[in-house]
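So you can see what is in the structure, the chains are spelled out below.
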Amino acid sequence: MKSVRTQVVIIGAGPAGLLLGHLLQREGVDTVILETRSLDYVQQRVRAGVIEYGIANFLEESGVGSRMRAEGLVHHGIEFRLDGVSHRIALSELYDGRTITVYGQQEVVKDLIAGRVVSGAPLHFDATVTGVEGHLMDRPTVSYTSSEGEFQITGDYVVGCDGSHGVSVSSVPSEFLRRFERVYPFSWLGILAEAPPSTEELIYCRHARGFALYSMRSPTLSRLYLGVSPAETLNQWSDERIWDELSTRLATAQAPPIAQGPIVERGITPMRSVVVAPMRYGRLLLAGDAAHIVPPTGAKGMNLALADVRLLAPALVASLRDGDERPLDSYSSDSLRRVWRAEEFSTYMTQMLHPHPSDEFENGVQVARLRQVIDSLDTARALARNYVNLSSL
Ligand code: APR
Ligand code: PHB
């Protein structure tokens, strides 16, 4: 077995792992990134698309935001649609002129990979981590396999950025990590369609038939979602049924029917909340989806992942360069404060916009909650702050 040494071993080349690699390399810290999937798969994987104000600024300040600034769609508001009636929430007016940027997660990933390739720092695709050992020793070890054989890498630290099904969390004895979980009685059916967006801003829609979301990626690509029962499978949803359902839920008396086009990507994702705590065990740190999942209604998943590594990178540098352990010691508790806040907001958004199939009391409360956002400036202002910038508050 071949053995290599580095300073920080990063497991996973999603937004968290790639941005961490970039921030550390920039400070002269050696890293190796290991990713089980292929380069093509990671760059094509369609995920979320809303970048918060502070996170967009941070990407730019970190030198990886120029294409996002050039091509990302800057939005000043969102729309809530309640049973066929539109209500605009003027995010920028409510929150000091701040905006969100609509830019696909896989575009962030492409930009980070391009930067990594230019830097020449190691990034191995098709490299599956099989185990982490020695968390409590000076030099933890990561084992991985690739087409070239089996390898071991030792580092001063290992960072698990390996998403919700990764190996990092399972490498920790269960008594040292707590897992908090909530499952929602909905899934999202998401499509990417070659259709010009029929709207300039995102539409979050609560309709008696269920939730719908209208989003976009570019002037020619629309991204739409339907709230469906968790029992549903893709083969129950023909293109025609998807468009009919989207059109019905999103219809208003004024707006023209939504533009349709070829569906180029589709998937069903169950909605859940997960928090793993603490986000550290010895010399293993956790970041992004490896430590927490939010339901997508608040658009927080990618923002939280990037906010974790914004905090973690300087903490690792302080330890490795200056021997100062304090920032690393507070990484987990500082991150978890933000994570729970995002869980709260994502739960709030989810439970305002997804009609319950049978609980009419719950539905009455949901509509009252949404009406409060529409009718009360204070409530709308609080929502705007959380939607636009929660990860940097
Ligand atoms: N070995 C190597 N890589 C692994 C392993 C393993 N054993 N297990 C998982 N991975 C990789 C996955 O293939 C994936 O590319 O880890 C990466 C984790 O990336 P993401 O899932 O994108 O997670 P993260 O970087 O935390 O970003 C969170 O992704 O799911 C969305 O909504 C979520 O927007 C949020 C973002
Ligand atoms: C998306 O564009 O994919 C998107 C937008 C808002 C969300 C979730 C996903 O809340």
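What you see is a predicted model; the values in this text were computed from it and never measured.

Undergrad: How would you explain the site of ligand 1 if you had to name every residue and give the values?
TA: Surveying the vicinity of ligand 1 reveals 25 residues, the closest of which are Glu35, Arg45, Arg47, Gln105 and Asp289. Protein contact buries 88% of the 720 Å² of open area that ligand 1 shows by itself. If you list the elements that add at least two residues to the shell around ligand 1, you get helix H1 (15-26), strand E10 (128-133) and helix H8 (301-322). Top contributing element to the shell around ligand 1 by residue count: H8, with three residues.

Undergrad: Go over the site of ligand 2 with me, naming the residues and quoting the values.
TA: Taken together, 15 residues lie near ligand 2, and Tyr204, Ser215, Arg217, Tyr225 and Pro296 sit nearest. Within the contact set of ligand 2, an oxygen atom lies 2.8 Å away from a backbone nitrogen or oxygen of Pro296. Here Thr297 contributes a backbone N or O atom positioned 3.4 Å from an oxygen atom of ligand 2. Coverage of ligand 2 by the protein amounts to 99% of the 280 Å² it exposes when considered alone. Among the elements of the structure, strand E15 (202-207), strand E16 (210-218) and strand E17 (221-228) are those that each provide at least two residues to the shell around ligand 2. Of the residues forming the shell around ligand 2, the biggest block, three residues, is contributed by E16. Both domain 1 (2-74 + 101-181 + 272-349) and domain 2 (185-271 + 357-392) contribute no fewer than three residues apiece to the shell around ligand 2.

Undergrad: Would you mind going over the packing of aromatic side chains in detail, with residue names and values included?
TA: If you walk through the whole model with that rule in mind, you get eight aromatic pairs. Ring plane angle 50 degrees and centroid distance 6.0 Å describe the contact between Phe80 and Tyr204, whose orientation is recorded as tilted. Separated by 124 residues along the polypeptide, Phe80 in strand E6 (residues 78-82) and Tyr204 in strand E15 bring together distant segments of the chain. Residue Phe80 is classed as buried on the basis of its relative accessible area, which comes to 0%. Among the aromatic residues, those joined into a cluster by ring pairs are Phe80, Tyr204 and Tyr387. Directly above the ring of Tyr41 sits Arg37, whose terminal nitrogen or CZ lies 4.1 Å from the centroid. The lysine or arginine in question, Arg283, covers the ring of Tyr157, its NZ or CZ lying 4.7 Å from the ring centre.

Undergrad: Outline the domain arrangement of the protein chain, supporting the account with residue identities and numerical values.
TA: With domains assigned, the protein chain is organised as domain 1 (2-74 + 101-181 + 272-349) and domain 2 (185-271 + 357-392). The distance between the C-alpha centroids of domain 1 and domain 2 comes to 29 Å. The contact between domain 1 and domain 2 buries some 2,200 Å² in all, and 62% of this surface belongs to carbon and sulfur atoms. Three residues, Val46, Phe345 and Tyr348, lead the burial of domain 1 against domain 2; their summed loss comes to 23% of the area buried on that side. One can count zero salt bridges joining domain 1 with domain 2.

Undergrad: An account of the sheet that holds strand E11 (residues 141-146) is requested, with residue identities and associated values reported.
TA: Overall, mixed pairing links the four strands, which are arranged E1-E12-E11-E10 in an open sheet. Among the strands making up the open sheet, the edge pair consists of strand E1 (2-5) and E10. Sheet twist, expressed as the mean angle between neighbouring strand axes with direction ignored, is 25 degrees. Across six bridges, E11 lies against strand E12 (residues 149-154) in antiparallel orientation. Bridging from a neighbouring strand, Ser146 pairs with Gly149 of E12.

Undergrad: Outline the packing of helix H3 (residues 53-61) against H8, supporting the account with residue identities and numerical values.
TA: Geometry of a packed helix pair, given as the angle between the helix axes and the separation of the axes. Across the interface, H3 lies against H8 with an axial gap of 10 Å and an inter-helix angle of 50 degrees. Between H3 and H8, the crossing angle belongs to the class labelled oblique. Read as a crossing pair, H3 and H8 show a hand that is left-handed. Taken together, the residues of H8 that come into contact with H3 (itself represented by Gly54, Ile55, Phe58 and Leu59) are Asn303, Leu306, Ala307 and Arg310.

Undergrad: Give me the lowdown on the sheet that holds E6, citing residues and values where you can.
TA: Taken in spatial order, the eight strands line up as E7-E6-E15-E16-E17-E14-E18-E21 in an open sheet, and their pairing is mixed. Edge positions in the sheet fall to strand E7 (85-89) and strand E21 (292-293), since each has one partner strand and no second. Relative to E15, E6 runs parallel, the two being bridged by five bridges. In the strand pairing of E15, Arg81 is matched with Cys205.

Undergrad: Explain the pattern of salt bridges to me, using residue names and the numbers behind them.
TA: Summed over all chains, the structure comprises 23 salt bridges. When the shortest N-O distance is used, the salt bridge between Arg223 and Glu265 registers 3.6 Å. Of this pair, Arg223 sits in strand E17 while Glu265 sits in strand E18 (residues 263-277), and the two are 42 residues apart along the sequence. Overall, Glu265 belongs to the partly exposed group, its relative accessible area being 27%. Taken together, the salt bridges that share partners define one network made up of Arg67, Glu71, Glu107, Lys110 and Asp111.

Undergrad: Describe helix H11 (residues 377-389), and please don't skip the residues or the numbers.
TA: Relative to the 18 Å expected for 13 residues at 1.5 Å per residue, H11 spans 18 Å between its end C-alpha atoms, a close match to the ideal helical length. Turning to H11, its buried residues are Thr379, Ala380, Leu383, Ala384, Asn386, Tyr387, Val388 and Asn389.

Undergrad: Can you tell me about helix H9 (residues 326-353), naming the residues and giving the values?
TA: For H9, with 28 residues, the first-to-last C-alpha span of 41 Å sits near the 40 Å given by 1.5 Å per residue. In the structure, H9 departs most strongly from a straight axis at Ser332, where the bend amounts to approximately 35 degrees.

Undergrad: Describe the nonpolar core, naming the residues involved and giving the relevant values.
TA: Formed by 69 residues in total, the largest nonpolar core has its most connected members in Leu19, Leu20, Leu34, Ile51, Val159, Leu312 and Leu316. Tallying contributions element by element places H8 first for this core, with 10 residues. Setting aside residues no more than four positions away along its own chain, Leu312 makes contact with Leu20, Val159, Leu285, Ala287, Leu328 and Tyr331. With 36 residues, the next largest nonpolar core counts Leu94, Phe186, Leu370 and Val373 among its residues.

Procedures and definitions
Residues numbered from 1 in each chain as written. Chains lettered and ligands numbered in written order. Predicted model: local features only at pLDDT ≥ 70, side-chain atom pairs only at ≥ 80, totals over all residues. Heavy atoms only, no water. Near = heavy atom within 4 Å. Areas by Shrake-Rupley, 256 points an atom, 1.4 Å probe, with all protein chains shown as cover. Helix = DSSP H or I, 4+ residues; strand = E, 2+ residues; numbered from the N terminus. Polar contact = N/O pair within 3.5 Å; in protein donor to acceptor, adjacent residues only side chain to side chain. Domains from an automatic or database assignment. Phe/Tyr/Trp six-rings, centres within 6.5 Å; stacked < 30°, edge-to-face > 60°. Buried < 20%, exposed > 50% of the residue type's maximum accessible area, 1.4 Å probe, protein only. Lys NZ or Arg CZ within 6 Å of the ring centre and 35° of its normal. Buried area = accessible area lost by both parts, 1.4 Å probe. Salt bridge = Lys/Arg side-chain N within 4 Å of Asp/Glu carboxyl O. Pairing = 2+ DSSP bridges. Axes fitted to C-alpha atoms, helices over the stretch in contact; angles between N-to-C directions. Parallel < 35°, antiparallel > 145°, perpendicular 65-115°, else oblique. Left-handed = near helix turned anticlockwise from the far one by under 90°. Contact = heavy atoms within 4.5 Å. Expected span 1.5 Å × (residues − 1). Bend = angle between axes of the 7 residues up to and from the residue. Core = buried A, V, L, I, M, F, W, Y, C linked by side-chain atoms within 4.5 Å.

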